[in-house]
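Reading the structure
As a plain string of letters, each chain reads:
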Amino acid sequence: MTKKVLIANRGEIALRALRACKEVGLKTVGVYSSGDQELKHLRFADETVCIGPSNPLESYLYVPGILSAAEVTGSDAIYPGYGFLAEDYEFAEKCEGSGFKFIGPSSAVIKKMGDKITAKTIAEKSGIPTVPGYKDKLPENKGELEKIATKIGFPIMIKATAGGGGRGMRVANDINELISGISITQQEAKNAFGNETLYLEKYIENPRHIEVQIFGDGKGKAIHLGTRDCSLQRRHQKIIEEAPAVDIDEGETQKVLTACVNLCESIKYEGAGTIEFLYKDEEFFFIEMNTRIQVEHPVTEMITMFDLVKAQLKVALGMDFVLDQNRITFKGHAMECRINAEDPVTFIPSPGKITKMHPPGGFGIRFDSHIYSGYTVPPYYDSLLAKIITATNKRKSCIKRMKNALDEFFVEGIKTNHSLHLALMNDQTFQDNKHNINYLEDNFMKQFEND
Ligand code: MV4
């Protein structure tokens, strides 16, 4: 019998997943909050279920509601997408327990990688380079702590093992900041995550943010799909991503890619995953692993022609599927601009009705978006409206194509960060690929604000 997938998400990723389901011949259930009735994917879903009010805590994050919707529709599997419940091991566990296949790795793997000390230990065992630091129990005694700090060298980053994605961390420049920073971070971590365990790392200054896309069959076989550069970000929100990461040491990259595959095979990783690194002075340093599909997955798809979402569905539902590194080839360059409903200078969200809009198009341009003329952007969720993805032979022509795509694209009725993207495409530092994770906030925004 045709299997049925419940898409436990909204916006562009729900539409992306729905399209993939249709392509592989799966029935679909779209779920939505009462503030989300206009979502585009609901028009194409076989069935739709309202799972609660606009507040995400009572809808997209409300596990009993989602499991009930899966139950009443007779769904076989649940597609989590990104955000919301995608990396919640308890949700994955409950799906498994209720007889629904969670489309992603096992709850045990999500749990392991969600604990950053455990993840770092697993990475090291797989031969992945990590940031020098300290992850045993921190001493109470100042002298002992000073010895550890001297060995690492200041500045030191204090991180919560239950943190990640920029939460539960702070930098210390000397022993006094380290002592006070530990007690503050401990308290914050206890309140936010119910886990006060911390670890220390050498603070890497002005690195690039490079990540590796991996894919596993859940039985001990995995492949990599190369690197991405996601250095252009603000407050841990990525703005532009590209694949592959360029101007990165070739030999180091190959070593890291192989080690990433080893890691995934050792934990029998299932589905799509991302291993994140800092890159500085020809060296990679593991920071964390994300056990989900990421927003920026299309740039990898465009240079490999490997459909990551289709592969997620096929592996999860036990459909015919061959995973073979030798079948993966890399061609050209791809870039993604995240178009958000926000003020381009202040980044304040700008929900409301889109009175008119026109998507970009043409050779090598992909537009992943759920918006349309007449759609009202609700204020309750993240502000991602669209991803414009361009693919060409080389980075330089990719930027040119993106400029043209941005020129064609307009949205009326709400503010977007369109002008920020155009300015970035015209920025010399970005064009020269000389930026790092701090460039946008520390340098670019100051000149952009004044223009
Ligand atoms: C770091 C770091 C510098 N040194 N760790 C931020 C989110 C989380 N994934 C880890 N993060 C960082 N860890 C050491 N030892 C700098 C960051 C960081 C960062 C990393 C990736 C992308 C954007 C970032 C923005 C600020 C800080």
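In this text the structure is predicted, and so the values were computed from the model without any measurement.

Turning our eyes to something else, we now look at the packing of aromatic side chains. With the rule as written, the count across this model stands at 14 aromatic pairs. Ring plane angle 50 degrees and centroid distance 6.3 Å describe the contact between Y439 and F444, whose orientation is recorded as tilted. F444 carries the same exposure label as Y439, and that label is buried. Aromatic rings pair up to connect Y60, F84, Y380 and Y381 into one cluster. Of note, R234 hangs over the ring of F347, and the distance from its end group to the ring centre comes to 3.8 Å. Directly above the aromatic system of F430 lies the positively charged group of R395, at a separation of 4.7 Å from the ring centroid.

Moving on, we get to the site of the ligand. In the vicinity of the ligand, 18 residues are found, and the nearest of them are K159, E201, K202, I204 and E288. Contact distances for the ligand include 2.9 Å between a nitrogen atom and a side-chain N or O atom of E201. At a separation of 2.9 Å, a nitrogen atom of the ligand approaches a polar backbone atom of I204. Those elements that provide at least two residues to the shell around the ligand are β7 (156-164), β9 (198-202), β13 (270-280) and β14 (283-290). Residue assignment places the shell around the ligand across two domains, with domain 2 (132-202) and domain 3 (208-450) each supplying three or more.

Taken in spatial order, the five strands make up an open sheet running β3-β2-β1-β4-β5, and their pairing is parallel. At either margin of the open sheet sits one strand with a lone partner, and together these are β3 (47-52) and β5 (101-102).

Helix length check: helix α8 (residues 250-266), at 17 residues, gives a terminal C-alpha distance of 25 Å against a target of 24 Å (1.5 Å per residue), a fit within 8%. Every buried residue belonging to α8 is among T253, V256, L257, A259, C260, V261, L263 and C264, and all of these are buried. In the core, the buried residues of α8 are packed alongside α4 (107-114), α5 (116-125), β10 (208-217), β11 (222-234), β13 and β14. Here α8 starts with a cap whose side-chain oxygen sits 3.2 Å from the backbone nitrogen of G251, and that cap is D249. Where α8 ends, the next residue or the one after it, K268, has phi of about 50 degrees, a positive value.

Turning next to the side chain of D427. As for its position among the elements, D427 is in the loop between α12 (418-425) and α13 (428-431). Look at D427: it is buried, it has no salt bridge, and the nearest opposite charge is R395 at 8.7 Å. If near-sequence neighbours (up to four positions away) are discounted, D427 is found in contact with Y439, F444 and Q447.

With that out of the way, let us pick up the domain arrangement of the protein chain. When cut into domains, the protein chain gives domain 1 (4-92), domain 2 (132-202) and domain 3 (208-450). The straight-line distance from the C-alpha centre of domain 2 to that of domain 3 is 31 Å. Each partner contributes to the interface: domain 2 provides seven residues, whereas domain 3 provides four residues. A combined buried area of about 370 Å² lies between domain 2 and domain 3, and 50% of that area is made up of carbon and sulfur atoms. The tally of links from domain 2 across to domain 3 stands at zero salt bridges. Between domain 2 and domain 3 we count one residue pair in polar contact (both at pLDDT 80 or more) in total. Of the residues belonging to the side of domain 2 that touches domain 3, the class tally is two nonpolar, three polar and two charged.

Another point: the sheet that holds strand β20 (residues 384-392). Through backbone hydrogen bonds, the strands of a sheet pair up, either in parallel or in antiparallel fashion. Strand order in the open sheet formed by eight strands is β14-β13-β10-β11-β12-β15-β20-β18, and the pairing between neighbours is antiparallel. Since the sheet does not close on itself, it has two edges, and those belong to β14 and β18 (365-369), each with one partner. Here the average twist between neighbouring strands, direction ignored, is 25 degrees. One ladder, built from seven bridges, connects β13 with β14; its direction is antiparallel. The residue of β14 that forms the bridge with Y279 is F284. Along the sheet, α8 contacts β10, β11, β13 and β14; its crossing angle with β11, the most-contacted strand, is approximately 115 degrees.

Moving on, we come to the nonpolar core. Ranked by size, the top nonpolar core spans 60 residues in total, and within it L6, I78, F91, I240 and M425 carry the most contacts. When we break this core down by domain, the ones giving at least three residues each are domain 1 (4-92) and domain 3 (208-450). I78 has contacts with L6, A8, I66, L67, A70, F91, C95, F100, K101, F102 and I103, leaving out every residue within four places of it along the chain.

Within this model, the second largest pocket holds a volume of roughly 350 Å³. In terms of lining, the second largest pocket is formed by 17 residues, of which the most central are L138, P139, E140, I182 and Q186. Elements with a contribution of two residues or more to the lining of the second largest pocket: α6 (142-152) and α7 (175-193). Taken together, the residues that form the lining of the second largest pocket break down as seven nonpolar, four polar and six charged.

What follows concerns the pairing of β9. Within a regular strand, side chains alternate between the sheet's two faces. Here β9 lies mainly inside the structure; four of its five residues are buried. Looking at chain direction, strand β6 (residues 133-134) and β9 are connected through two bridges and run antiparallel. Looking across to β9, one finds that Y134 is bridged to L200. Of the strand pairs in this sheet, β7 and β9 are connected by five bridges, and their pairing is antiparallel. Note on β9: the bridge partner recorded for M157 is E201.

What counts and what doesn't
Along each chain, residues carry numbers from 1 onward, in the same order as the chain's sequence is written. Per-residue local features are limited, in this predicted model, to residues with pLDDT of at least 70; the limit for side-chain atom pairs, both in listing and counting, is 80 or more; totals at the level of whole chains, interfaces and linings are taken over all residues. Excluded from the side-chain calculation are hydrogens and water; included are all heavy atoms of the structure. When the centres of two rings from Phe, Tyr and Trp lie within 6.5 Å, Trp using its six-membered ring, the rings pair. Their planes under 30 degrees apart give stacked, over 60 give edge-to-face, and anything left gives tilted. Using a 1.4 Å probe on the protein chains alone, a residue whose accessible area is under 20% of its type maximum counts as buried, one over 50% counts as exposed, and one in between counts as partly exposed. Here, a charge over a ring means that NZ of Lys or CZ of Arg falls within 6 Å of the ring centre while also lying within 35 degrees of the ring normal. Think of it this way: one heavy atom of a residue within 4 Å of a molecule or strand is enough to make that residue near it. Identification of polar contacts relies on pairs of N or O atoms within 3.5 Å, with a donor-acceptor requirement for protein atoms, meaning one able to donate a hydrogen and the other able to accept it, and with residues adjacent in sequence counted only if both atoms are side-chain atoms. Secondary structure elements are taken from DSSP: a helix is a run of H or I of four residues or more, a strand is a run of E of two residues or more, and numbering for both begins at the N terminus. In this document the domain limits rely on a domain assignment from an automatic tool or a database. Between any two strands, pairing holds if DSSP finds at least two bridges. Helix span is expected to be 1.5 Å times the residue number reduced by one. Contact between two residues is taken to exist if any of their heavy atoms lie within 4.5 Å; hydrogens are not considered. Positive charges come from Lys and Arg, negative ones from Asp and Glu, while His and the chain ends are left out of the count. By definition here, a salt bridge exists when the distance from a side-chain nitrogen of Lys or Arg to a carboxyl oxygen of Asp or Glu is within 4 Å. As used here, buried area is the combined drop in accessible area, with a 1.4 Å probe, of two parts when they are placed together. We call Asp, Glu, Lys and Arg charged. Ala, Val, Leu, Ile, Met, Phe, Trp, Tyr, Cys and Pro are nonpolar, and the rest, Gly among them, are polar. Inter-axis angles, ranging from 0 to 180 degrees, are taken between N-to-C directions of lines fitted to C-alpha atoms, where helices are fitted over the stretch in contact. Residues grouped as a nonpolar core are buried Ala, Val, Leu, Ile, Met, Phe, Trp, Tyr and Cys residues, joined through side-chain atoms within 4.5 Å. Every definition here rests on a 1 Å grid over the protein atoms only: cavities are sets of points where a 1.4 Å probe fits but cannot get out, pockets are open sets enclosed by protein on both sides within 12 Å along at least five of seven lines, and lining residues have some atom within 4 Å of a point. Grid points are joined across faces, edges and corners, and a volume is the space filled by probe spheres set on the points.

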